[in-house]
Amino acid sequence: MKAFEEELILKAQGGDSYAFGLLYDAYVSQIYRFIFLKLGGMKAEAEDITHQVFMSAWKNIKKYQFQGYPFSSWLYKIARNEVIDFWRTKKNNVSIHDIHEEFLGETDENELSVDIKIDTELVSLCIKRLDSHYQDVLILKFVEELTNEEIAKAMGKTEGSVRVIQHRAIKKLKQEIEHERAHH
Amino acid sequence: MNERIIKQLKQLKSIAPDNAFVSRSREIVINTTPAKRSRLALIFAWSGAAAMIMIIISISYIMSAPTMALSSSLNETKINEEIDSLSAGIEVQQITYEQKVSQTVTSALQEVGETKVNHLNESLLEKEVAGINKGSETEISEADALFDRAAK
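What counts and what doesn't
Residues numbered from 1 in each chain as written. Chains lettered and ligands numbered in written order. Predicted model: local features only at pLDDT ≥ 70, side-chain atom pairs only at ≥ 80, totals over all residues. Helix = DSSP H or I, 4+ residues; strand = E, 2+ residues; numbered from the N terminus. Buried ≥ 20, exposed ≤ 12 C-beta atoms within 10 Å, placed from the backbone. Core = buried A, V, L, I, M, F, W, Y, C linked by C-beta atoms within 7 Å. Contact = placed C-beta atoms within 7 Å.

1. Section: the overall build of chain A
Inference 1: Counting its secondary structure elements, chain A contains 9 helices and 0 strands.
Inference 2: When the helices and strands of chain A are read in sequence order from the N terminus, they spell out α-α-α-α-α-α-α-α-α.
Inference 3: Within the span of chain A, comprising 184 residues, buried residues form 40% of the whole.

So this is what it looks like as structure tokens:
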């Protein structure tokens, strides 16, 4: 963990809202992305849950303990629980057409070709159909580029099981993409 | 194929929240200071503690009432008074019973003395026995006379 981040956390634990604001700035994009992908591209819901995650983190900042892992591991853990709660209360099926307009947020569209955009939407839709643990590992490993140790910490699992989940998750995602392409 | 999927996954990193959402959410979160919540929580905690104390006092008061009655019932002087009054009551009941028995026996003896029980008088019984025997002998002699007449 960076010394600067540790210092910010200590200040936030002491009630320094400015310090927590800096932590918010550092992690809001990746937490939003994690939630957005787990929800399969539901923008409004992803924003609500992201807000709840940081609100909960700020309220419970004193409970956070340094264990040698990034602060993001703790935030991912809160985010996972919030998404689980969301799905408990809402059963939803979002069509690929529903997420088409909002999918990329404020990303510069010139950076991506139309083919890549379609592929990205397809992958996102297929991620949503995966088991929650598969989603977590794929997003944290390949989108956020966390180490297996950090993923294990965020998911409350061993590094060995993270590797097994990662292997199965890619296999399952591949099947989902092939299935989706065959029907469109 | 796997490499292509991983490449596509990496491209998802371009997803980002709206700036408007970020600034609005950030402001709300930051303005919700833990100190304010702690003060509110402290008020609730003190209110809860006060309520608990009131409940404990009420319960202890209720519990102490039967204890006082119990201790007064164990007072030695009161117990002695109770025992004295109890034994006096028993004696009065016994005297009343004995008086009733005495009256009953006296009245029974008086009845016997006034010969209202004639069937137990000895001389009267002897007279009755004599009368019975006398009647039997007369009847036998009459029967003999009848047999004689029939034989002739």
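2. Overview of unusual backbone geometry
Glycine aside, a negative phi is what most residues show, and trans is what most peptide bonds show.
All names here are of chain A.
Inference 1: We note that glutamate 145 has phi near 60°; this positive angle belongs to a residue other than glycine.
Inference 2: In this structure, glutamate 145 sits in the loop between helix 7 (132–143) and helix 8 (148–155).
Inference 3: Judged by the 11 C-beta atoms lying within 10 Å of it, glutamate 145 is exposed.

3. Comments concerning the nonpolar core
Residues and elements named next belong to chain A.
Inference 1: Core analysis: the largest hydrophobic core is formed by 57 residues, its most contacted members being Ile31, Ile35, Leu75 and Leu138.
Inference 2: Here the element with the most residues in this core is helix 2 (residues 17–38); it accounts for 11 residues.
Inference 3: In this view, isoleucine 31 contacts Thr50, Val53, Leu75 and Ala79; residues no more than four positions away in its chain are not counted.

Bear in mind that shape data such as this cannot, by itself, settle questions of function.
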